[in-house]
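# Results of the structural survey
Residue strings, one per chain:
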Amino acid sequence: MDNKGKSKAIDDYVRTASQFHRSSRIDSGKEIWEDDAATIALGGRQRDRSLFLSFLDEQDDSKSEEESTLHNQRLPQIGDTYIDPFQPVNSCASTTNSVVKDYAELPSQIPLLNMDVVKDFRAQSSSSSSRSVLANFANMMAMQEACLRALIDPDQELSCKLWRQSPEALKNHYALDVEMACSGGHVPNINAPGNSQVNSLLQLIKNPVNQSMRLINVKGHVPALSADPIGSCFIRQKLDEATTGEIVMLYKEITPHILTLATDAFPTYVIQKLLEHGPAVYFRILIANLMGHVLDLSLHLYGCRVIQKAFEISGISQQIGMATELDSNLFKCICNQHANHAVQKCMECVQPQYIQFIYRRLCGKAKMLSTHPFGFHVVQKMLEFCKDPQIMDMFIKEILDCVKELSVDPYGNYVVQYIVEHGGPRYRQIIMLKLAGSIVQMSHQKHSSKVIEKCLIYGSYHDCKLLINEILSAGGGQTADHLVGMIIHQYANCVVRQMVDVVNDWQFNVIVDVLRRNRDTLVMYAHGRQVIAQVERLLNGMAPSPDSFGQTSSSSKFV
């Protein structure tokens, strides 16, 4: 090949390579691509065409200038069409035309030719010279792609080792990136026949001899491995000792597939663990890929876990964006068994002043949400984290207006208990007044008895005195023998035991008198024996003896 033919081949190569790598968003100019692959991999010290020129010199020197011109015409040009190497190719002209695409239709990465495709090209070419040019061009482009990826790879130490081993080793290592880029945004199926490499990696991971394997050893297969229970466990374990480069590698491979992985069981664990380790710039990019899909993921069994973790680690701008998406269908999220956890996490992690639009939406729905099996959790979170006095007063007033109804509800009673415990003396006093006259009746019910217990624990002295007096005088007579029925009841006995700890002297003496007169009946019931033992400890001022429940114990006689 004469100098004119070589110069034209070099110019064609430079233009084509630049087009390939501009599509990969790598800044490259003509002067960079005039360097040979080896010089680039070693840092681009000196511009040198010698290897490329010698590579061309290896071609058949007996070729005519017309053949050289034919070869140059067959090299892809910018604006021309190219053959997709990942589509099946046969000798039929119509099939070949069906896999021809225009460069202008490729906004993302353009895959490089691999060796299998080169063989297909050789089988179809009618000219030995044409076959040679195509094969050499594919090899050269794959080598350049590998060197460029080595430059931007955070773990360049491995790249240097592979280069020193052989250029082919470096090329084969980064060929996996091209394969992943051509997966169309879908997580590869680990059981697919073409995924023998993934299955081989799984066998290596299972082998206890290979405990020294690192995350960099599974590069190019992270999405597929994370979908396997063993592969997912391996990635999570190695994350604790991963280098920054390996963590960045995981982000780069997982982020393009995040929407698919976030709805699968085992990749979800990998994503949550990865978000705990990642540099801020990378997990912000990952979370940005979730935007627009927060509502759908929150309603998903596994996706809601990723959204919760995203709320924990993201910045305020991304938190507000995710909260806004939840607000678009807020009540559906609150009443969903999965999405309600995302709403709760939103209230926990986002500063209240930025999500007042959510709190305002809940006003007027307090009773409905408090009696819902998932909604009452959100109500409790609102009572805990909302700091706006106006919104809180309005919301709590709705609850207090139906406090008795909520107290007997399987879910609403937890909301009332929360207000009694954390709402302050003003709200507790209102609740006491609302429940007055129904204390004994509510003490015999499963859910409302817990509310009465909380009132005895957190109520003021005056509130507790009124509540206990109502219980002691409920019989309407001179004695309080009706307490016997409460003591042996499976729910009311808890109220009595809590009452014993807070009564004054007069009230305590009334209880002791009831126990003394009805001792023979009470010891026949487990709950009765528990109350007797509790009173004995208070009377004797000592720990319970082993036989304190027995009828013949000397400590069982009341003073």
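Analysis parameters
- Residues numbered from 1 in each chain as written.
- Predicted model: local features only at pLDDT ≥ 70, side-chain atom pairs only at ≥ 80, totals over all residues.
- Heavy atoms only, no water.
- Helix = DSSP H or I, 4+ residues; strand = E, 2+ residues; numbered from the N terminus.
- Buried < 20%, exposed > 50% of the residue type's maximum accessible area, 1.4 Å probe, protein only.
- Contact = heavy atoms within 4.5 Å.
- UniProt positions renumbered as here; feature names shortened; annotations may be inferred.
- Expected span 1.5 Å × (residues − 1).
- Phe/Tyr/Trp six-rings, centres within 6.5 Å; stacked < 30°, edge-to-face > 60°.
- Lys NZ or Arg CZ within 6 Å of the ring centre and 35° of its normal.

## Side note on the environment of Val 415
- Note on placement: Val 415 falls in helix α28 (residues 412-422).
- For Val 415, a relative accessible area of 0% corresponds to the buried category.
- Considering only alpha carbons, one finds Val 415 and Leu 369, 46 residues apart in sequence, at a separation of 10.0 Å.
- With sequence-adjacent residues up to four places away left out, Val 415 is seen in contact with Ser 370, Phe 376, Val 379, Leu 383 and Ile 399.

## What to know about the UniProt feature "repeat: Pumilio" (unreviewed entry) in the protein chain
- Under the UniProt annotation, the feature "repeat: Pumilio" (unreviewed entry) is placed at residues 253-288, 289-325, 361-397, 398-433 and 434-469.
- The span residues 289-325 carries 70% helix and 0% strand; its end-to-end C-alpha distance comes to 14 Å.
- Helix makes up 81% of residues 398-433 and strand 0%. Its end C-alpha atoms lie 16 Å apart.

## Focus: helix α20 (residues 316-327)
- Over its 12 residues, α20 runs 16 Å from end to end, which matches the ideal 16 Å to within 8%, given 1.5 Å per residue.
- Taken as a whole, α20 has its buried residues at Gln 318, Gln 319, Met 322, Ala 323, Glu 325, Leu 326 and Asp 327.
- Contact partners of the buried residues in α20: α17 (280-288), α18 (294-298), α19 (303-313), α21 (330-334), α22 (339-349) and α23 (356-362).

## A few points about the packing of aromatic side chains
- All chains considered together, the criterion is met by three aromatic pairs.
- Ring geometry for Phe 376 against Tyr 411: centres 5.6 Å apart, planes inclined by 25°, an arrangement best described as stacked. Taken together, the positions of Phe 376 in helix α25 (residues 375-385) and Tyr 411 in the loop between α27 (403-407) and α28 put the pair 35 residues apart, joining distant regions of the chain.
- Given a relative accessible area of 7%, Phe 376 falls into the buried group.
- Take Tyr 411: its relative accessible area is 30%, and that puts it in the partly exposed class.
- Ring geometry for Phe 376 versus Tyr 414: centroids 5.5 Å apart, planes at 25°, classification stacked. Of this pair, Phe 376 sits in helix α25 while Tyr 414 sits in helix α28, and the two are 38 residues apart along the sequence.
- Ring-pair connections join several aromatic residues into one group, and the members of that group are Phe 376, Tyr 411 and Tyr 414.
- Sitting above the plane of the Phe 331 ring, Lys 365 keeps its charged end 5.8 Å from the centroid.

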